[in-house]
Amino acid sequence: GLSSKKVYFAHQSVGQNIIEGLKDIAKDHPGAGLKIVESSDPAALAAPAFVHSRVGKNTKPDTKMDGFAGFVNSGMGKAADIAFFKLCYVDITAGADVDALFGRYKKTMDNLKRQFPDTVFVHVTAPLTVSEGKAKAFLKKLAGRQTGRADNLKRNQFNALMKAEYAGKEPVFDLAKVEAQGPDGQEKTLALARGYTDDGGHLNEKGRRAAAEELVKFLAGVRTMPAGPAGRR
């Protein structure tokens, strides 16, 4: 299970929502042994734990990629069984050059995989926001403003590139899919379900719990190198 793994996760605000969801789960299942620690110090992974820290600046995806690579290179890569970071919805908006962004992401991850072959790097799809109704989107367009639909279109393009590149070959946690399904599991549009958010972007208690539960299941199923002489460390 997850409680026997050393995990490092770098994030910003939606990631913090998911951390709160993990804490909710840990509180409800004290016997599960899920230890959540906020730190960017590799020493925090001396024993199995879910270690997380903030990375980069929102709206500047390059700072998140570089920041994650920096943490991995400064010891987290050696210490962690599993390492991952996620972009935020504010990092990919209607004006984004998705091909260039994904190209940079792939290059960053390729370098890290080469340097740390024993660490499993997980890919996470970019989160979404609520889409306005057609009428509201039309009025926004008339006023020359970008619409949530246009933003989500770019996020879904980025996520499609990610899944085309890695799905079936490397672990991909499809956060966007979890967000779009919503509490009733009926939502089919590629936008954040209204029942999972209070402000249109961040996850509320229901949303963070759903995302955290899916993440726990997902990470528990990720195969890592066995510890011991033949494996890591």
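The structure this text deals with has already been given above.
Quantities reported herein were computed from a predicted structural model and do not represent experimental measurements. (Residues numbered from 1 in each chain as written. Predicted model: local features only at pLDDT ≥ 70, side-chain atom pairs only at ≥ 80, totals over all residues. Heavy atoms only, no water.)

> Please set out the overall build of the chain residue by residue, giving values where relevant.
Along the backbone of the chain there are 7 helices and 7 strands. For the chain, the succession of helices and strands along the chain, N to C, is β-α-β-β-α-β-α-β-β-α-α-β-α-α. Considering the chain as a whole, with its 233 residues, one finds that 50% of them fall into the buried category. Look at the contacts in the chain between residues 6 or more apart in sequence, and 73% of them connect residues 24 or more apart. Of the roughly 11,000 Å² of accessible surface on the chain, a fraction of 53% belongs to carbon and sulfur atoms. (Helix = DSSP H or I, 4+ residues; strand = E, 2+ residues; numbered from the N terminus. Buried < 20%, exposed > 50% of the residue type's maximum accessible area, 1.4 Å probe, protein only. Contact = heavy atoms within 4.5 Å. Areas by Shrake-Rupley, 256 points an atom, 1.4 Å probe, with all protein chains shown as cover.)

> Report on unusual backbone geometry, specifying residues and quantitative values.
A positive phi angle, close to 80°, is found at Thr-59, a residue other than glycine. Tracing the backbone through its elements, the reader meets Thr-59 in the loop between β3 (49–54) and α2 (61–79).

> Go over helix α1 (residues 13–28), please, and point to the residues and values.
Given a rise of 1.5 Å per residue, 16 residues ought to cover 22 Å, and the 23 Å separating the end C-alpha atoms of α1 matches this to within 8%. When we look at burial in α1, the residues that qualify are Ser-13, Val-14, Gly-15, Gln-16, Asn-17, Ile-18, Ile-19, Gly-21, Leu-22, Asp-24 and Ile-25. Residues of α1 that are buried in the fold lie against β1 (6–11), β2 (36–38), β3, α6 (175–181) and α7 (205–220). (Expected span 1.5 Å × (residues − 1).)

> I'd like to hear about the packing of aromatic side chains, residue by residue, with values.
Across all of its chains, the model carries 14 aromatic pairs by this definition. With a centroid separation of 6.2 Å and an interplanar angle of 80°, the aromatic rings of Tyr-105 and Phe-158 are classed as edge-to-face. Of this pair, Tyr-105 sits in helix α3 (residues 98–115) while Phe-158 sits in helix α5 (residues 148–166), and the two are 53 residues apart along the sequence. Through a chain of ring-to-ring contacts, three or more aromatic side chains come together here, namely Tyr-8, Phe-68, Phe-71, Phe-85, Phe-102, Tyr-105, Phe-121, Phe-158 and Tyr-166. (Phe/Tyr/Trp six-rings, centres within 6.5 Å; stacked < 30°, edge-to-face > 60°.)

> I'd like to hear about the side chain of Lys-86, residue by residue, with values.
Here Lys-86 is to be found in the loop between β4 (82–85) and α3. No salt bridge is formed by the buried Lys-86; its nearest oppositely charged neighbour, Asp-91, is found at 6.5 Å. Discounting chain neighbours no more than four positions away, the residues touching Lys-86 are Phe-9, Ala-10, His-11, Val-14, Gly-15, Lys-64, Val-124, Pro-127 and Leu-175. (Lys, Arg positive; Asp, Glu negative; His and termini not counted. Salt bridge = Lys/Arg side-chain N within 4 Å of Asp/Glu carboxyl O.)

> Can you lay out α2 for me, pointing to particular residues and giving the numbers?
The largest bend in α2 amounts to roughly 70° and is located at Asn-73. Where α2 is concerned, the buried positions are Pro-61, Lys-64, Met-65, Phe-68, Ala-69, Phe-71, Val-72, Gly-75, Met-76, Gly-77 and Ala-79. At its buried positions, α2 is contacted by β1, β3, β4, α3 and β5 (120–121). (Bend = angle between axes of the 7 residues up to and from the residue.)

> Got a sec to walk through the side chain of His-11? Specific residues and values, please.
Tracing the backbone shows His-11 in strand β1. Of note is the side chain of His-11, whose polar atom sits 2.9 Å from the side chain of His-52. With near-sequence residues (within four places) excluded, His-11 lies in contact with Gln-16, Ile-19, His-52, Ser-53, Arg-54, Val-55 and Lys-86. (Polar contact = N/O pair within 3.5 Å; in protein donor to acceptor, adjacent residues only side chain to side chain.)

> Just give me the short version of the pairing of β1, but keep the residues and values in it.
With respect to burial, β1 is a largely interior element, 6 of its 6 residues being buried. Residues Lys-6, Tyr-8 and Ala-10 of β1 are buried on one face, and the alternating residues Val-7, Phe-9 and His-11, pointing to the opposite face, are buried as well. Pairing of β1 with β3 involves 6 bridges; the strand directions are parallel. Paired with Ala-10 across the bridge in β3 is Ser-53. Of the strand pairs in this sheet, β1 and β4 are connected by 4 bridges, and their pairing is parallel. (Pairing = 2+ DSSP bridges.)

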